Amino acid sequence: MVLSDRSIKEQMMTGRIRIEPFDPDDIQPSSVDLHLSSGFQVFRNSRYPYIDPTREQAGLMELVSATEGEPFVLHPGEFVLGATIERIVLPDDIVARLEGKSSLGRLGLLIHSTAGYVDPGWDGTLTLELSNVANLPIVLTPGMPIGQISFSKMTTPVDRPYGTPGLGSRYQGQVDPTPSRSFKRS
């Protein structure tokens, strides 16, 4: 069952769901708005002839920063990684879904390709897979509302929450937009 605004507030009051920093005005009827951080991982296409998910390819991506005065411009067809300002912490019996804001989707901005699922036990910021499918560049300003997260109660707590040793959780505790760690086999 998807948590309502009332249930989200109750879970946050008891500390079971944590969102840091948090503004109560970000609570929607069944989700919480999240905001864009200032860091972006950008592909450096000249460093490798192809992407090999089975190998670490140092320098494939480079971290760049934007500011309110100098925002990041995402060009048509471009793909970069961003992150939420908010750190999300989930208990072992709540799962979350990250979705884009419809007002940004209507402009051609997609905020995730496949990584919209947030496992029980998660602790960290969320990496965004930003794509511009429009015909014009899109300006991305740090701090802007970028997505929304909804929460669902599971039937039982999970046996092995994300981050459990031996599970192979590659992104627990991430702070900045984090490039793929697919080369790290569990």
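Preceding this section is the structure that the text describes.
Let me sum up the structure you'll find in this document. These figures come from a predicted structure and were not determined experimentally. (Residues numbered from 1 in each chain as written. Predicted model: local features only at pLDDT ≥ 70, side-chain atom pairs only at ≥ 80, totals over all residues. Heavy atoms only, no water.)

**Topic: the overall build of the chain**
A count of helices and strands for the chain gives 2 helices and 12 strands. The order of helices and strands in the chain, counted from the N terminus, is α-β-β-β-β-β-β-β-α-β-β-β-β-β. Principal-axis analysis of the C-alpha atoms places the extent of the chain at approximately 50 × 40 × 25 Å. Going through the 186 residues of the chain one by one, you find that 39% of them count as buried. Sequence-distant contacts, at least 24 apart, represent 73% of the contacts inside the chain between residues at least 6 apart. Side-chain charges of the chain comprise 17 positive and 22 negative groups, with the mean position of each set lying 6 Å from the other. (Helix = DSSP H or I, 4+ residues; strand = E, 2+ residues; numbered from the N terminus. Buried < 20%, exposed > 50% of the residue type's maximum accessible area, 1.4 Å probe, protein only. Contact = heavy atoms within 4.5 Å. Lys, Arg positive; Asp, Glu negative; His and termini not counted. Charge placed at Lys NZ, Arg CZ, Asp CG, Glu CD.)

**Topic: the side chain of Ser31**
Looking at where Ser31 falls in the secondary structure, it is placed in the loop between β1 (18–20) and β2 (32–35). In terms of polar contacts, Ser31 uses its side chain to reach the side chain of Gln148, at 3.5 Å. (Polar contact = N/O pair within 3.5 Å; in protein donor to acceptor, adjacent residues only side chain to side chain.)

**Quick notes on the packing of aromatic side chains**
Within this structure, the stated rule accounts for 3 aromatic pairs. Residues Phe40 and Phe72 carry aromatic rings whose centres are separated by 4.3 Å and whose planes lie at 15° to one another, so their mutual orientation is stacked. Of this pair, Phe40 sits in strand β3 (residues 39–43) while Phe72 sits in strand β5 (residues 72–74); the two residues are 32 residues apart in sequence, bridging distant segments of the chain. Taking the relative accessible area as the measure of exposure, Phe72 reaches 11% and is therefore buried. Consider the rings of Phe43 and Phe79, whose centres lie 6.1 Å apart with planes at 35°: the pair is tilted. Note that Phe43 is positioned in strand β3 and Phe79 in strand β6 (residues 79–89), a separation of 36 residues in sequence. (Phe/Tyr/Trp six-rings, centres within 6.5 Å; stacked < 30°, edge-to-face > 60°.)

**What to know about helix α1 (residues 5–13)**
Looking at α1, one finds that the buried residues are Ile8, Gln11 and Met12. Taken end-on, α1 shows its buried residues confined to a sector of 100°, consistent with a single buried face. Summarising the geometry of α1, the exposed residues directed more than 90 degrees from the buried face are Arg6 and Met13. On its buried side, α1 packs onto β1, β2, β7 (94–100) and β12 (145–153). Positioned one or two residues after α1, Gly15 has a phi angle of 85°, which is positive. (Arc of directions from axis to C-beta.)

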